[in-house]
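The lines below spell out each chain.
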Amino acid sequence: MNEQTLSMRLERVAAQVPVGARLADIGSDHGYLPVALMHRGVITAAVAGEVALTPFHAAARTVRENDLERQITVRLANGLDAIESTDGITAISLCGMGGETIRDILESGKARLNGRERLILQPNGGEQPLRQWLMDNGYRILFEEVLRENRFDYEIIVAERAEPVTYTAEELYFGPLQLQARSPAFLDKWQRRLRQKQKTLSHFAKAQQAVPEATVQDIARQIRWINELLTTP
Ligand code: SAM
């Protein structure tokens, strides 16, 4: 992967960035996403935010080597602190981090959101608490996708502020749009998850130390939901 050839995961994220956007890519690492989008003429400006020094330097190098220093600003900052009101950001990408981390970045950076940005999120796990945060904060999910690359299942969630929306517990768990679309990648992912959770439950049964009943019940409920999903035509 490089700034010309993105991974399939980042390519699918790139497809959700509106033409003409001013993008803040938070946790940008190498900065490939904003640089690729700028080269393709999709975005007009970007901020690449990084909290860690090594990826911050990597992003700065990618931007410099592509001669995009006037269009892409690289900032060493925690989460949404990378965004300044004068940046006029219209889209924010947070990719390749746990869903809880993305949620915490959004929660602690709330004051930096103007409410008009499109959020393009690619959590690695923790999708349920992330969707919960979106619902609790007045965001509607506009697009969801599950994809598999290098033996990993990835999810992409795109959201914008809208009139309040209520998702059911199952919708928060599986994704409201995924539940409707039931794509082959989505169903394959949940087939695999079902096997993992069944294994976990049988390990619990054989465990030397008692597993808290609430934990057992939680896994059993997830298995019930996944079974319902996979057996409903
Ligand atoms: N976004 C890129 C992608 O999807 O390929 C890089 C993903 S990399 C696994 C996660 C990056 O997020 C790391 O470079 C890490 O330093 C950065 N990161 C984690 N927490 C952050 C935070 N609070 N603020 C900014 N960057 C953060």
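Asks: What am I meant to see in the pattern of salt bridges here?
Replies: Should the charged atoms of two oppositely charged side chains come close, the side chains can pair. Here the structure, examined in full by the defined rule, presents 15 salt bridges. The closest approach of N and O atoms between Asp104 and Arg103, which form a salt bridge, is 3.1 Å. Accessibility expressed as a relative area gives 41% for Asp104, which makes it partly exposed. For Arg103, a relative accessible area of 26% corresponds to the partly exposed category. A salt bridge links Arg140 to Glu163; its shortest N-O distance comes to 3.1 Å. Here the residue Arg140 occupies a position in strand E6 (residues 139-149), and Glu163 occupies one in the loop between strand E7 (152-161) and helix H6 (169-174), the gap between them amounting to 23 residues. Through salt bridges that share partners, Arg131, Glu144, Glu155 and Lys189 make up one connected network.

Asks: In this structure, what is going on with the sheet that holds strand E2 (residues 43-50)? I would like to understand it.
Replies: Backbone hydrogen bonds hold the strands of a sheet together, and the pairing may be parallel or antiparallel. In spatial order, the strands read E3-E2-E1-E4-E5-E7-E6; together these seven strands make up an open sheet with mixed pairing. In this open sheet, the two edge strands, each paired with only one partner strand, are strand E3 (72-76) and E6. The mean inter-strand angle of the sheet, taken between neighbouring strand axes irrespective of direction, is 15 degrees. Relative to E7, E6 is paired through 10 bridges, and the arrangement is antiparallel. Across the sheet, residue Arg140 finds its bridge partner in E7, namely Glu160. Helix-sheet contacts for helix H2 (residues 32-39) involve strand E1 (21-26), E2, E3 and strand E4 (91-97), and the interaxial angle to E2 is about 170 degrees. Each of E1, E4 and strand E5 (118-123) is contacted by helix H4 (residues 99-108), which is oriented at about 145 degrees to E4, the strand it contacts most.

Asks: What should I look at first to understand the packing of helix H8 (residues 184-206) against helix H9 (residues 213-231) in this one?
Replies: When two helices pack together, their arrangement is given by the angle between the helix axes and the distance between those axes. Remark: H8 packs on H9, axes separated minimally by 9 Å, with the N-to-C direction vectors making an angle of 150 degrees. When the interaxial angle is binned, H8 and H9 end up roughly antiparallel. The way H8 lies across H9 gives a crossing that is left-handed. On H9, the residues touching Phe186, Leu187, Trp190, Gln191, Arg193, Leu194, Lys197, Gln198, Thr200, Leu201 and Phe204 of H8 are Thr215, Val216, Ile219, Ala220, Gln222, Ile223, Ile226, Asn227, Leu229 and Leu230.

Asks: Could you clarify how one ought to interpret the site of the ligand in this entry?
Replies: Inspection of the region around the ligand gives 16 residues, with Arg9, Gly27, Glu50, Asn78 and Gly79 positioned closest. At a separation of 2.7 Å, a nitrogen atom of the ligand approaches a polar backbone atom of Gly27. Breaking the shell around the ligand down by element, the ones donating at least two residues are helix H1 (8-14) and E4. Taken together, the residues that form the shell around the ligand break down as eight nonpolar, five polar and three charged.

Analysis parameters
Residues numbered from 1 in each chain as written. Predicted model: local features only at pLDDT ≥ 70, side-chain atom pairs only at ≥ 80, totals over all residues. Heavy atoms only, no water. Salt bridge = Lys/Arg side-chain N within 4 Å of Asp/Glu carboxyl O. Buried < 20%, exposed > 50% of the residue type's maximum accessible area, 1.4 Å probe, protein only. Helix = DSSP H or I, 4+ residues; strand = E, 2+ residues; numbered from the N terminus. Pairing = 2+ DSSP bridges. Axes fitted to C-alpha atoms, helices over the stretch in contact; angles between N-to-C directions. Contact = heavy atoms within 4.5 Å. Parallel < 35°, antiparallel > 145°, perpendicular 65-115°, else oblique. Left-handed = near helix turned anticlockwise from the far one by under 90°. Near = heavy atom within 4 Å. Polar contact = N/O pair within 3.5 Å; in protein donor to acceptor, adjacent residues only side chain to side chain. Nonpolar A, V, L, I, M, F, W, Y, C, P; charged D, E, K, R; others polar.

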